[in-house]
Amino acid sequence: MALLTDLINLDLSETTDKIIAEYIWIGGSGLDLRSKARTLPGPVTDPSQLPKWNYDGSSTGQAPGEDSEVILYPQAIFKDPFRRGNNILVMCDCYTPAGEPIPTNKRYNAAKVFSHPDVVAEEPWYGIEQEYTLLQKDVKWPLGWPVGGFPGPQGPYYCSAGADKSFGRDIVDAHYKACLYAGINVSGINGEVMPGQWEFQVGPAVGISSGDQIWVARYILERITEIAGVVLSLDPKPIQGDWNGAGAHTNYSTKSMRNDGGYEIIKSAIEKLGKRHKEHIAAYGEGNERRLTGRHETADINTFIWGVANRGASIRVGRETEQNGKGYFEDRRPASNMDPYVVTSMIAETTILWKP
């Protein structure tokens, strides 16, 4: 095993200029991450320098067998924390050979929203709080829970330390550092209310890069849990009953909101979000109705309410934003399994482009 580790950690730059690029894309379920690697002649600094590639879409539920080729367009580059050196991770989106985005390519429309001059002028910032649950591999039951049984009730686990309260910290910390190494703007991590549940935050990130960073952070987490023999779940309510669900609270601001007088802009943006509540909920993740019950720090799925410092609201405004008269707000509705391309672009579209 020591030899295997040595070989995995070989530094290619000692003998060759060649690098390995791991092309990542989103599969047919809209949540499954796929990837494959190719050798390139030398270091790359921009996605435009990378060749397009293809894969068998019939094996990912994205194309029929008789016309199975799907084309990968490289969109964003990150340093590879697994292979290190000049090797890279490449976030791609997916097209037909004729150049049309395939139905599961949600990045394409998001990029259109984010390249709209009105949106570009407002420089939308996002901070996404990605919650997730770690499961024991063979029983699909949360890490640290007795198999077939339950731990003590919620209370001692949030931001806790200790072998009886905090489960999976090595995975979480490895992921934190790997993301920072990759160039993902992870701003923090914490243990969550339900034992075996954790959160990482990505941001501030501008526009489309928020979605790219969340997807690659999820990919890195999948790879680390694979090494640890643990299963990653993004289910919004992994355990029924008196246990917290998992969300992806999305913090958001525009240039106008961050400037003096921004609080009025924030209030009118929230009003617009309220008018399109149903459309947003429909796009905010599958199974979210199991999480948004009005309990466990959520607002009921059918009700739109906002408030200052209210964690039972659909939209929460921070006390500091209210006091400063400018800042940001938090959309607490997105589920942990949401597509960040969809959520970030929809918030920008509703608050900047949509005219009710």
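Note that the structure is a prediction, hence the values are computed from the model and not measured.

Calculation criteria
Along each chain, residues carry numbers from 1 onward, in the same order as the chain's sequence is written. This being a predicted model, a pLDDT of at least 70 is required before a residue's local features are given, and a value of 80 or more before pairs of side-chain atoms are given or counted; all residues contribute to the totals for chains, interfaces and linings. Note: side-chain values were computed over all heavy atoms of the structure, leaving out hydrogens and water. The patch calculation keeps residues exceeding 30% relative accessible area without a salt bridge and links them within 9 Å when they carry like charges or within 5 Å when they are nonpolar (Val, Leu, Ile, Met, Phe, Trp, Tyr). For the accessible areas, the method is Shrake-Rupley and the probe is 1.4 Å, while residue cover comes only from the protein chains on display. Whenever a carboxyl oxygen of Asp or Glu lies within 4 Å of a side-chain nitrogen of Lys or Arg, that contact is scored as a salt bridge. Labels follow the DSSP assignment, with helices taken as runs of H or I lasting at least four residues and strands as runs of E lasting at least two, numbered in each case from the N terminus. UniProt positions are given in the numbering used here, feature names are shortened, and annotations may be inferred rather than shown by experiment. To sort residues, take the accessible area from a 1.4 Å probe on protein chains only and compare it with the maximum for the residue type: under 20% means buried, over 50% means exposed, and anything in between is partly exposed. In this analysis, strands are considered paired if DSSP registers two or more bridges between them. The span you would expect from a helix comes to 1.5 Å times its residue count less one. Cysteine sulfurs are considered disulfide-paired once they come within 2.5 Å of each other.

*Asks:* Just give me the short version of a nonpolar patch on the surface, but keep the residues and values in it.
*Replies:* Taken together, the side chains of Met1, Leu4 and Ile8 present a nonpolar region at the surface, about 380 Å² in accessible area. Residue placement: Ile8 occurs in helix α1 (residues 2–8).

*Asks:* Describe the UniProt feature "domain: GS beta-grasp" (unreviewed entry) in the protein, naming the residues involved and giving the relevant values.
*Replies:* Per the UniProt record, the feature "domain: GS beta-grasp" (unreviewed entry) sits at residues 19–99. Secondary structure across residues 19–99 divides into 0% helix and 48% strand, with the first and last C-alpha atoms of the span separated by 27 Å.

*Asks:* I'd like a description of the pairing of strand β5 (residues 88–95), backed by residues and values.
*Replies:* β5 sits mainly inside the fold: 8 of its 8 residues count as buried. On β5, burial covers both faces: Ile88, Val90, Cys92 and Cys94 on one face and Leu89, Met91, Asp93 and Tyr95 on the other are all buried. Pairing between strand β1 (residues 19–26) and β5: 4 bridges, direction parallel. Within β5, the residue paired with Glu22 across the bridge is Leu89. Here strand β4 (residues 69–79) runs beside β5; their pairing, made up of 8 bridges, is antiparallel. Within β5, the residue paired with Leu72 across the bridge is Cys94.

*Asks:* Let's hear about helix α5 (residues 208–228): which residues, and what values?
*Replies:* If you check α5, its first and last C-alpha atoms are 31 Å apart, about what 21 residues at 1.5 Å a residue would give, namely 30 Å. For α5, the tally of buried residues reaches 15 of 21 residues, placing the bulk of the element in the interior. Of the residues flanking the end of α5, it is Gly229, one or two places downstream, whose phi is positive at about 70°.

*Asks:* An account of the state of the cysteines is requested, with residue identities and associated values reported.
*Replies:* Taken as a whole and judged by the stated rule, the model has 0 disulfides. In this structure Cys92 is not part of a disulfide, and its nearest cysteine sulfur, from Cys94, lies 7.4 Å away. Judged by its relative accessible area of 3%, Cys92 falls in the buried class. Between Cys159, a cysteine without a disulfide, and Cys179, which holds the nearest cysteine sulfur, the sulfur-to-sulfur distance is 18 Å.

*Asks:* Provide a residue-level description of the pattern of salt bridges, including the pertinent values.
*Replies:* The final tally for this structure, using the stated rule, is 16 salt bridges. A salt bridge links Lys275 to Glu271, with the shortest nitrogen-to-oxygen separation between them at 3.7 Å. In this pair, Lys275 and Glu271 both sit in helix α7 (residues 262–275), 4 residues apart, roughly one turn of the helix. Note that Glu330 and Arg316 form a salt bridge whose closest N and O atoms lie 2.6 Å from each other. Taken as a pair, Glu330 in strand β13 (residues 329–331) and Arg316 in strand β12 (residues 315–317) lie far apart in primary sequence, 14 residues in all. Exposure remark for Arg316: the relative accessible area of 12% places this residue in the buried category. Residues joined by salt bridges that share partners form a network here, namely Glu297, Arg316, Glu330 and Arg332.

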